[in-house]
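Single-letter residue listing:
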Amino acid sequence: MPPLHRRTFILGGLAGAGATFLTSGAAGAALGYPFTLGVASGDPAPDGVVLWTRLAPSPLNADGQGGMSTAAVSVEWQVASDEYFTQLVRTGTVTAAYASAHTVHVEVTGLQAGAEYFYRFRAAGYISPVGRTRTTPAVGSNSPFTMLFTSCSHYESGYFTAYRRMAEEQPDVMLHLGDYLYEGTASTTAVRKHAPTSEITSLANYRVRHAQYKTDPDLQAAHAAAPWLVIWDDHEVENNYANLTRADNSPAGDVTWFKARRAAAYKAYYEHMPLRASSVPVNENMQLYRRLRWGSLATFHLLDTRQYRDDQACGDGTKVCADAKLPNRTLTGAAQESWLLDGLGQHLGTWDIIGQQVFFAQKLADAAGATSMDAWDGYVANRDRLQQGWDARGVRSAVVLTGDVHRSWASNLMLDYASQNRIVGTELVSTSVTSSGDGNAAETGLSSLNPHVKFYKNLRGYVRANVDSTRMAVDFRFVDKVTVRDYPVHTVQSYAIEAGNPGLVNP
């Protein structure tokens with residue numbers, strides 16, 4: 001669906017009798033246009049989906065309230081089976097409150113399984129852009145689907161062309177694997193400049209930064225094109241934090257201070273994402289790991305590898321560290337580890353797609369055995385328990401999706417990396433949307449130290465996967481520059497993964 005200007009709907013979309021919104025109250029009559037941050041949908045189910053928007057006529061106001069007063073505002077929503085809203089299937093009204101920065105989360109139910117829908121909002125006499133979404137197929141269905149996934153969208157590092165290209169593909173679902181925004185101080189030399197200019201630590205500042213990202217038209221297009229499955233990494237709060245342990249003391253603050261910062265960041269994250277009420281944060285805690293089924297074809301296991309992890313071993317960094325192999329170390333926390341293994345053992349779908357944040361396969365940086373302490377190599381026992389656990393449960397179509405490293409990689413997951421004994425899964429690592437800038441297409445990242453790692457590319461973009469009951473066809477898609485807006489996208493490398501036969505196959 002091409003982008004549709006809101007005026008199109010003001011003049012044309014309301015012409016049909018079935019498309020008439022109820023009359024709005026006068027609470028927001030003096031507002032400017034409030035849908036400056038677009039619309040989004042997420043976490044689809046067979047009978048519904050989450051719809052999101054936020055009222056923010058002045059989205060970058062320093063108080064984080066988007067130019068809204070303290071008054072609650074009534075927001076009407078519509079779901080239709082056609083983009084012109086001649087066939088309405090669900091309607092309703094919700095209240096956008098000041099305490100939640102006038103964000104809106106609607107958990108629509110009563111929709112048909114495996115169907116495409118369109119949605120929009122109205123408040124204070126204004127109509128939002130139109131979003132396209134869909135429900136998941138019913139259990140028992142093996143309908144194929146297309147997913148796109150990416151990570152690491154640094155506003156200052158470049159333009160969000162990759163998001164625009166993702167929107168143009170009109171996939172069934174998109175995944176964002178973390179670092180949706182960055183918390184740092186504004187640069188004076190980058191392509192664009194962060195707001196606020198200082199490192200964000202307060203709720204108001206996190207709200208402004210989220211709002212700034214969502215003013216980007218390419219990001220808005222991507223959100224409006226398909227339902228999203230979102231999980232975070234570290235930069236949604238603070239670089240390389242581990243549970244309540246900080247990577248450093250900049251800005252200065254003790255544990256109590258960091259709890260308040262994490263609570264602010266988590267609240268702002270929930271407010272700006274199409275997440276269900278089950279993820280509403282409580283103080284500095286938020287339930288983000290969750291499971292979604294795509295009929296009987298696939299199960300998405302979405303992990304949180306920041307909130308429950310042990311501190312990075314040996315002071316973080318890339319190094320040789322015996323402590324990284326201690327048997328009690330955890331990246332997931334014990335409860336999430338058990339939850340994941342239990343879900344994998346249920347064999348709910350042909351494919352088990354594990355969406356998570358940091359590099360999963362072993363990746364040696366040198367012959368001495370140095371590895372990244374922030375990735376799963378810093379939590380070797382946790383990774384071994386998972387791989388051995390899913391292997392013991394007869395899981396043969398596990399595919400791990402990863403972000404974080406601003407590069408694309410593809411790897412076979414080995415039961416024993418030292419002996420390279422037996423492939424038990426596959427890892428697909430998406431590059432960033434913009435983080436690390438344009439990249440270097442000529443750079444070589446493969447090494448004989450890691451024979452199970454098959455592909456590397458340092459460009460920006462995303463991964464496309466067409467999934468059916470026999471294979472997952474994977475394309476690594478890139479734009480050549482992000483410091484210049486609107487580059488085309490092209491596929492550099494393709495693989496297939498066969499159901500029941502873990503590992504990469506050249507198509």
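Residues numbered from 1 in each chain as written. Predicted model: local features only at pLDDT ≥ 70, side-chain atom pairs only at ≥ 80, totals over all residues. Heavy atoms only, no water.

## Some points on the overall build of the chain
- Assigned secondary structure in the chain consists of seven helices and 24 strands.
- Its C-alpha atoms give the chain a radius of gyration of 22 Å, near enough to 23 Å, the size a compact globule of 507 residues would have.
- By its C-alpha atoms, the chain is 70 × 55 × 40 Å across when sized along the principal axes.
- Across the 507 residues of the chain, 59% fall into the buried class.
- Counting only carbon and sulfur atoms, one obtains 51% of the accessible surface of the chain, whose full area is about 17500 Å². (Helix = DSSP H or I, 4+ residues; strand = E, 2+ residues; numbered from the N terminus. Rg over C-alpha atoms; globule rule 2.2 N^0.38 Å. Buried < 20%, exposed > 50% of the residue type's maximum accessible area, 1.4 Å probe, protein only. Areas by Shrake-Rupley, 256 points an atom, 1.4 Å probe, with all protein chains shown as cover.)

## Details of the packing of helix α3 (residues 203-214) against helix α5 (residues 255-272)
- Two numbers describe how α3 lies on α5: the axes approach to 8 Å, and their chain directions differ by 35°. As α3 runs across α5, the sense of the crossing is right-handed. Across the interface between the two elements, L203, Y206, R207, H210, A211 and K214 of α3 pack against R261, A264, A265, K267, A268, Y269, E271 and H272 of α5.
- When its residues are assigned to classes, the contact of α3 with α5 shows seven nonpolar, two polar and five charged. (Axes fitted to C-alpha atoms, helices over the stretch in contact; angles between N-to-C directions. Left-handed = near helix turned anticlockwise from the far one by under 90°. Contact = heavy atoms within 4.5 Å. Nonpolar A, V, L, I, M, F, W, Y, C, P; charged D, E, K, R; others polar.)

## A short note on the confidence of the model for the chain
- Per-residue confidence for the chain averages 94 on the pLDDT scale, and 94% of its residues sit at or above 70.
- Looking at the elements of the chain, mean pLDDT is at its lowest for helix α1 (residues 6-13), recorded as 35, and at its highest for strand β2 (residues 48-54), recorded as 99.
- Contacts from residues 1-28, a stretch scored under 50 in pLDDT, to residues over four places away or in other chains number 49 contacts. (pLDDT = per-residue confidence, 0-100.)

## A look at the environment of R407
- On the secondary structure map, R407 appears in the loop between β17 (398-402) and β18 (408-416).
- If we ignore the near neighbours within four places in the chain, the residues touching R407 are V429, S430, T431, S436, E443, Y456, K457, N458 and R460.

## Observations regarding the environment of L288
- Here L288 is to be found in the loop between α5 and β12 (290-294).
- When the C-alpha atoms of L288 and Y266 are compared, they prove to be 10 Å apart, with 22 residues separating the residues in sequence.
- When near neighbours in sequence (up to four residues on either side) are disregarded, L288 contacts V230, I231, W232, Y269, L275, S279, L302 and D304.

## Thoughts on helix α2 (residues 161-168)
- Summarising burial for α2: seven of the eight residues are buried, a large majority.
- Of the residues one or two after α2, Q170 is the one with positive phi, at around 50°.

## Details of the pattern of salt bridges
- Per the stated rule, a full pass over the model turns up 26 salt bridges.
- Here R276 ties to E107 by a salt bridge, and the two come within 3.3 Å at their closest N and O atoms. Highlighted residues: R276 in the loop between α5 and β12 and E107 in strand β5 (residues 103-108), separated in sequence by 169 residues.
- Between E169 and R477 there is a salt bridge; the shortest N-O distance is 3.0 Å. Placement of E169 in the loop between α2 and β10 (173-176) and of R477 in strand β22 (residues 471-479) is noted, with a sequence separation of 308 residues between them. (Salt bridge = Lys/Arg side-chain N within 4 Å of Asp/Glu carboxyl O.)

## Concerning the UniProt feature "domain: PhoD-like phosphatase metallophosphatase" (unreviewed entry) in the chain
- UniProt's feature table lists "domain: PhoD-like phosphatase metallophosphatase" (unreviewed entry) at residues 147-476, given in the numbering used throughout.
- Between the end C-alpha atoms of residues 147-476 there is a gap of 12 Å, over a span that is 22% helix and 22% strand. (UniProt positions renumbered as here; feature names shortened; annotations may be inferred.)

## Examining the packing of aromatic side chains
- Inspection of every chain in the model, using the stated rule, returns 24 aromatic pairs.
- Relative to Y163, the ring of F160 lies with its centre 5.2 Å away and its plane at 85°, an arrangement referred to as edge-to-face. Like F160, the residue Y163 is buried in the burial classification.
- Between F476 and Y495, the ring centres sit 6.4 Å apart and the planes meet at 90°, which makes this aromatic pair edge-to-face. Placement of F476 in strand β22 and of Y495 in strand β23 (residues 489-498) is noted, with a sequence separation of 19 residues between them.
- Residue F476 is classed as buried on the basis of its relative accessible area, which comes to 0%.
- Ring-pair connections join several aromatic residues into one group, and the members of that group are Y155, F160, Y163, Y180, Y213 and W228.
- One Lys or Arg, K214, reaches over the ring of W52 and ends 5.1 Å from the middle of that ring. (Phe/Tyr/Trp six-rings, centres within 6.5 Å; stacked < 30°, edge-to-face > 60°. Lys NZ or Arg CZ within 6 Å of the ring centre and 35° of its normal.)

## Some details on the packing of helix α6 (residues 334-345) against helix α7 (residues 380-392)
- One way to put it is that α6 packs onto α7 with a least axis distance of 10 Å and a crossing angle of 20°. If you check the angle between α6 and α7, you find them roughly parallel. When the axes of α6 and α7 are compared, the crossing they make is right-handed. Of the residues in α7, those touching α6 at E337, L340, L341 and L344 are N382, R385, L386, G389 and W390.
- Residue classes in the contact of α6 with α7 are distributed as five nonpolar, two polar and two charged. (Parallel < 35°, antiparallel > 145°, perpendicular 65-115°, else oblique.)

## Comments concerning the state of the cysteines
- As enumerated under the stated definition, the model contains one disulfide in all.
- Each sulfur of the disulfide joining C314 and C321 lies 2.0 Å from the other. Its torsion about the S-S bond being 75°, the disulfide of C314 and C321 is classed as right-handed.
- Exposure remark for C314: the relative accessible area of 37% places this residue in the partly exposed category. (Disulfide = S-S within 2.5 Å.)

## Let's talk about the sheet that holds β17
- Judged by pairing direction, the sheet is mixed, and its seven strands sit side by side in the order β12-β13-β15-β17-β19-β18-β20 without closing on themselves. Both outer strands of the open sheet, β12 and β20 (453-457), are each paired with one neighbouring strand and no more. When strand polarity is set aside, the average angle formed by the axes of neighbouring strands in this sheet is 25°.
- Here four bridges tie β18 to β20, and the two strands are oriented antiparallel to one another. (Pairing = 2+ DSSP bridges.)

## Points about the UniProt feature "domain: Phospholipase D N-terminal" (unreviewed entry) in the chain
- Per the UniProt record, the feature "domain: Phospholipase D N-terminal" (unreviewed entry) sits at residues 37-135.
- Summarising residues 37-135: 0% helix, 52% strand, and an end-to-end C-alpha distance of 23 Å.

## Brief notes about the pairing of strand β6 (residues 116-123)
- Most of β6 sits out of view: seven of its eight residues are buried.
- Note: strand β3 (residues 73-80) against β6, five bridges, orientation antiparallel. Among the inter-strand pairings, A80 is bridged to a residue of β6, identified as F118.
- Across four bridges, the pairing between β6 and strand β8 (residues 131-134) is antiparallel. Each bridged residue has a counterpart across the sheet, and for Y119 the counterpart in β8 is G131.
- Summarising the sheet, β6 and strand β7 (residues 126-127) pair through two bridges and their orientation is antiparallel. Note on β7: the bridge partner recorded for A123 is Y126.
- Joining the antiparallel neighbours β6 and β7 is a turn of two residues, in which A124 adopts a positive phi near 55°.

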